[in-house]
Amino acid sequence: MTTPTLYDWAGGHDALRRLTEVFYDKVLEDPILAPVFAHMSDKHREHVAIWLGEVFRGPSRYTDELGGYPAMLAHHLNLGLTEEQRSRWAALIAQSADPAGLPDDPEFRSAFVAYIEWGTRIALANSQPGATPPPKAPVPHWGWGEAPPYQP
(Lines give C-alpha, C1' and ligand atoms only; values in the text may rest on other atoms or scores of the structure.)
Protein backbone atom coordinates (compact mmCIF):
# COMPACT_ATOMS: atom_id res chain seq x y z
CA MET A 1 0.00 0.00 0.00
CA THR A 2 1.39 3.40 -0.98
CA THR A 3 1.47 6.20 1.59
CA PRO A 4 -0.63 9.12 0.34
CA THR A 5 0.83 12.60 0.04
CA LEU A 6 -0.20 15.25 2.53
CA TYR A 7 -1.98 16.94 -0.39
CA ASP A 8 -4.10 13.87 -1.12
CA TRP A 9 -4.71 13.13 2.56
CA ALA A 10 -5.85 16.71 3.15
CA GLY A 11 -8.40 16.49 0.35
CA GLY A 12 -6.55 18.19 -2.48
CA HIS A 13 -6.93 21.71 -3.75
CA ASP A 14 -10.55 22.11 -2.66
CA ALA A 15 -9.62 21.41 0.97
CA LEU A 16 -6.67 23.79 0.89
CA ARG A 17 -8.85 26.46 -0.71
CA ARG A 18 -11.38 26.06 2.11
CA LEU A 19 -8.50 26.43 4.55
CA THR A 20 -7.33 29.69 3.00
CA GLU A 21 -10.88 31.07 2.97
CA VAL A 22 -11.42 30.36 6.66
CA PHE A 23 -7.92 31.50 7.54
CA TYR A 24 -7.88 34.82 5.70
CA ASP A 25 -11.33 35.68 7.06
CA LYS A 26 -9.71 35.35 10.52
CA VAL A 27 -6.63 37.31 9.42
CA LEU A 28 -8.67 40.28 8.24
CA GLU A 29 -10.35 40.45 11.68
CA ASP A 30 -7.09 40.13 13.60
CA PRO A 31 -5.55 43.36 14.94
CA ILE A 32 -1.98 42.02 14.61
CA LEU A 33 -2.29 40.64 11.05
CA ALA A 34 -4.97 42.74 9.40
CA PRO A 35 -2.57 45.64 8.71
CA VAL A 36 -0.11 43.30 6.97
CA PHE A 37 -2.82 41.94 4.66
CA ALA A 38 -4.98 45.06 4.26
CA HIS A 39 -4.05 45.35 0.58
CA MET A 40 -3.90 41.68 -0.40
CA SER A 41 -5.06 40.93 -3.91
CA ASP A 42 -8.27 39.10 -4.73
CA LYS A 43 -6.10 36.16 -5.83
CA HIS A 44 -4.03 35.89 -2.65
CA ARG A 45 -6.14 33.16 -1.02
CA GLU A 46 -6.03 31.05 -4.17
CA HIS A 47 -2.28 31.57 -4.53
CA VAL A 48 -1.64 30.43 -0.95
CA ALA A 49 -3.79 27.33 -1.54
CA ILE A 50 -1.76 26.58 -4.67
CA TRP A 51 1.48 27.09 -2.73
CA LEU A 52 0.40 24.75 0.07
CA GLY A 53 -0.70 22.21 -2.52
CA GLU A 54 2.72 22.12 -4.11
CA VAL A 55 4.49 22.04 -0.75
CA PHE A 56 2.34 19.10 0.32
CA ARG A 57 3.36 17.21 -2.83
CA GLY A 58 0.41 18.06 -5.02
CA PRO A 59 0.63 19.56 -8.53
CA SER A 60 3.51 21.93 -9.23
CA ARG A 61 1.14 24.78 -10.02
CA TYR A 62 2.94 27.42 -7.95
CA THR A 63 6.13 26.75 -9.84
CA ASP A 64 4.45 26.39 -13.23
CA GLU A 65 2.00 29.29 -12.98
CA LEU A 66 3.26 31.70 -10.32
CA GLY A 67 7.05 31.67 -10.42
CA GLY A 68 7.98 29.09 -7.79
CA TYR A 69 10.07 29.73 -4.72
CA PRO A 70 11.71 32.93 -6.00
CA ALA A 71 8.26 34.48 -6.46
CA MET A 72 7.19 33.42 -2.96
CA LEU A 73 10.36 34.93 -1.52
CA ALA A 74 9.74 38.17 -3.40
CA HIS A 75 6.40 38.57 -1.62
CA HIS A 76 8.15 38.57 1.75
CA LEU A 77 11.31 40.59 1.10
CA ASN A 78 11.67 43.71 3.25
CA LEU A 79 8.28 43.33 4.95
CA GLY A 80 9.99 43.43 8.34
CA LEU A 81 7.61 40.92 9.88
CA THR A 82 7.71 40.51 13.64
CA GLU A 83 7.79 37.34 15.71
CA GLU A 84 4.37 38.29 17.06
CA GLN A 85 2.97 38.41 13.49
CA ARG A 86 4.64 35.12 12.57
CA SER A 87 3.32 33.40 15.66
CA ARG A 88 -0.21 34.74 15.13
CA TRP A 89 -0.18 33.65 11.46
CA ALA A 90 0.85 30.13 12.51
CA ALA A 91 -1.76 29.97 15.27
CA LEU A 92 -4.61 31.23 13.10
CA ILE A 93 -3.94 28.85 10.23
CA ALA A 94 -3.74 25.92 12.66
CA GLN A 95 -7.04 27.07 14.20
CA SER A 96 -8.57 27.23 10.71
CA ALA A 97 -7.95 23.55 9.96
CA ASP A 98 -11.00 22.25 11.87
CA PRO A 99 -13.55 24.71 10.43
CA ALA A 100 -12.10 24.07 6.96
CA GLY A 101 -12.67 20.34 7.40
CA LEU A 102 -9.05 19.21 7.14
CA PRO A 103 -8.30 15.75 8.53
CA ASP A 104 -7.96 15.78 12.30
CA ASP A 105 -5.79 12.71 12.76
CA PRO A 106 -2.66 13.38 14.81
CA GLU A 107 -0.29 12.35 12.02
CA PHE A 108 -1.68 14.84 9.51
CA ARG A 109 -1.97 17.66 12.02
CA SER A 110 1.58 17.07 13.21
CA ALA A 111 2.94 17.29 9.65
CA PHE A 112 0.73 20.30 8.87
CA VAL A 113 1.77 22.27 11.95
CA ALA A 114 5.42 21.30 11.47
CA TYR A 115 5.39 22.83 7.98
CA ILE A 116 3.58 25.95 9.19
CA GLU A 117 6.16 26.46 11.95
CA TRP A 118 9.07 25.91 9.55
CA GLY A 119 7.59 27.98 6.73
CA THR A 120 6.64 30.95 8.89
CA ARG A 121 10.12 31.04 10.39
CA ILE A 122 11.63 31.07 6.89
CA ALA A 123 9.23 33.88 5.91
CA LEU A 124 10.13 35.84 9.05
CA ALA A 125 13.86 35.56 8.37
CA ASN A 126 13.49 36.48 4.70
CA SER A 127 11.29 39.48 5.50
CA GLN A 128 13.97 41.29 7.46
CA PRO A 129 15.83 44.23 5.91
CA GLY A 130 19.03 43.04 4.29
CA ALA A 131 17.99 39.39 4.14
CA THR A 132 19.60 37.54 1.25
CA PRO A 133 17.64 34.35 0.67
CA PRO A 134 18.82 31.85 -1.93
CA PRO A 135 17.50 33.15 -5.25
CA LYS A 136 16.87 29.81 -6.96
CA ALA A 137 15.77 27.39 -4.28
CA PRO A 138 13.01 24.95 -5.24
CA VAL A 139 9.61 24.88 -3.57
CA PRO A 140 10.02 22.73 -0.46
CA HIS A 141 8.16 19.43 -0.44
CA TRP A 142 6.79 18.41 2.91
CA GLY A 143 6.00 14.88 4.00
CA TRP A 144 4.79 12.90 6.96
CA GLY A 145 7.97 13.17 8.99
CA GLU A 146 8.28 10.53 11.67
CA ALA A 147 4.63 9.52 11.89
CA PRO A 148 3.02 8.51 8.60
CA PRO A 149 -0.67 7.69 8.76
CA TYR A 150 -1.69 4.30 10.02
CA GLN A 151 -3.29 2.29 7.27
CA PRO A 152 -4.70 -1.11 8.21
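Before reading further, recall that the structure is shown in the block above.
Reference entry: report on the structure contained in this document. None of these values were measured; they are calculated from a predicted model.

### Details of the overall build of the chain
Consideration 1: Per the secondary structure count, the chain includes 8 helices and 0 strands.
Consideration 2: Each helix (α) and strand (β) of the chain, taken in turn from the N terminus, gives the series α-α-α-α-α-α-α-α.
Consideration 3: In terms of C-alpha radius of gyration, the chain reaches 15 Å, essentially the compact-globule figure of 15 Å for 152 residues.
Consideration 4: In the chain, 76% of the contacts between residues at least 6 apart in sequence involve partners at least 24 apart.
Consideration 5: Accessible surface, the chain as shown: approximately 8100 Å² in total, 56% of it carbon and sulfur.
Consideration 6: Put simply, the chain has 12 plus and 19 minus side-chain charges, and the middle of one group is 4 Å from the middle of the other.

### Things to note about helix α2 (residues 12–29)
Residues spaced three or four apart along an α-helix point in a common direction, a consequence of the helix completing one turn every 3.6 residues.
Consideration 1: Its 18 residues place the ends of α2 27 Å apart at the C-alpha level, agreeing with the 26 Å of an ideal helix rising 1.5 Å per residue.
Consideration 2: All of the buried residues along α2 are Gly12, His13, Ala15, Leu16, Leu19, Thr20, Phe23, Tyr24 and Val27. When α2 is viewed along its axis, its buried side chains cluster within an angular range of 155 degrees and face the same direction. Opposite the packed face of α2, turned more than 90 degrees from it, sit the exposed residues Asp14 and Glu29.
Consideration 3: Check the buried side of α2 and you find it contacts α1 (6–10), α3 (34–37), α4 (44–55), α5 (61–66), α7 (83–100) and α8 (106–127).

### Observations regarding the packing of α2 against α4
Consideration 1: Taken N-terminus to C-terminus, the directions of α2 and α4 make an angle of 130 degrees; their axes are 8 Å apart at the nearest point. Taken together, the axes of α2 and α4 are oblique relative to one another. At the point where α2 passes α4, the crossing takes the right-handed sense. Contacts from His13, Leu16, Arg17, Leu19, Thr20, Glu21, Tyr24, Asp25 and Leu28 in α2 reach His44, Arg45, Glu46, Val48, Ala49, Ile50, Leu52 and Gly53 in α4.
Consideration 2: When the residues that make up the contact of α2 with α4 are grouped by side-chain class, the tally is 8 nonpolar, 4 polar and 5 charged.

### Notes on the environment of Glu146
Consideration 1: Residue position: Glu146 is located in the segment after α8.
Consideration 2: On the basis of relative accessibility, which here comes to 81%, the residue Glu146 falls in the exposed class.
Consideration 3: The spatial distance from the C-alpha of Glu146 to the C-alpha of Leu124 is 26 Å, given a sequence separation of 22 residues.

### With respect to the pattern of salt bridges
Consideration 1: All told, the structure shown has 11 salt bridges when counted by the stated rule.
Consideration 2: Between Arg17 and Glu46 there is a salt bridge, with the nearest N and O atoms lying 2.8 Å from each other. One end of the pair, Arg17, is in helix α2; the other, Glu46, is in helix α4, and 29 residues separate them in sequence.
Consideration 3: As a salt-bridge pair, Arg45 and Glu21 come within 3.0 Å of each other at their nearest N and O atoms. With Arg45 in helix α4 and Glu21 in helix α2, the pair connects residues that are 24 residues apart, well separated along the chain.
Consideration 4: Residue Arg45 is classed as buried on the basis of its relative accessible area, which comes to 12%.

### Brief notes about the packing of aromatic side chains
Consideration 1: Here the structure, examined in full by the defined rule, presents 13 aromatic pairs.
Consideration 2: With a centroid separation of 6.5 Å and an interplanar angle of 70 degrees, the aromatic rings of Phe108 and Trp144 are classed as edge-to-face. Linking Phe108 in helix α8 with Trp144 in the segment after α8, this pair joins segments that are 36 residues apart in sequence. Exposure class is identical for Phe108 and Trp144. Each is buried.
Consideration 3: Pairing Tyr115 with Trp142 gives two aromatic rings, centres 5.4 Å apart and planes at 70 degrees, and the pair type is edge-to-face. A residue pair is termed long-range when its members are at least 10 positions apart, and Tyr115 in helix α8 and Trp142 in the segment after α8 qualify at 27 residues. Like Trp142, Tyr115 is buried.
Consideration 4: Counting every residue linked through ring pairs, the aromatic cluster contains Trp9, Phe56, Phe108, Phe112, Tyr115, Trp118, Trp142 and Trp144.

About the thresholds
Residues numbered from 1 in each chain as written. Predicted model: local features only at pLDDT ≥ 70, side-chain atom pairs only at ≥ 80, totals over all residues. Heavy atoms only, no water. Helix = DSSP H or I, 4+ residues; strand = E, 2+ residues; numbered from the N terminus. Rg over C-alpha atoms; globule rule 2.2 N^0.38 Å. Contact = heavy atoms within 4.5 Å. Areas by Shrake-Rupley, 256 points an atom, 1.4 Å probe, with all protein chains shown as cover. Lys, Arg positive; Asp, Glu negative; His and termini not counted. Charge placed at Lys NZ, Arg CZ, Asp CG, Glu CD. Expected span 1.5 Å × (residues − 1). Buried < 20%, exposed > 50% of the residue type's maximum accessible area, 1.4 Å probe, protein only. Arc of directions from axis to C-beta. Axes fitted to C-alpha atoms, helices over the stretch in contact; angles between N-to-C directions. Parallel < 35°, antiparallel > 145°, perpendicular 65-115°, else oblique. Left-handed = near helix turned anticlockwise from the far one by under 90°. Nonpolar A, V, L, I, M, F, W, Y, C, P; charged D, E, K, R; others polar. Salt bridge = Lys/Arg side-chain N within 4 Å of Asp/Glu carboxyl O. Phe/Tyr/Trp six-rings, centres within 6.5 Å; stacked < 30°, edge-to-face > 60°.

So, to be careful, I would describe these as geometric facts and stop short of saying anything about function.
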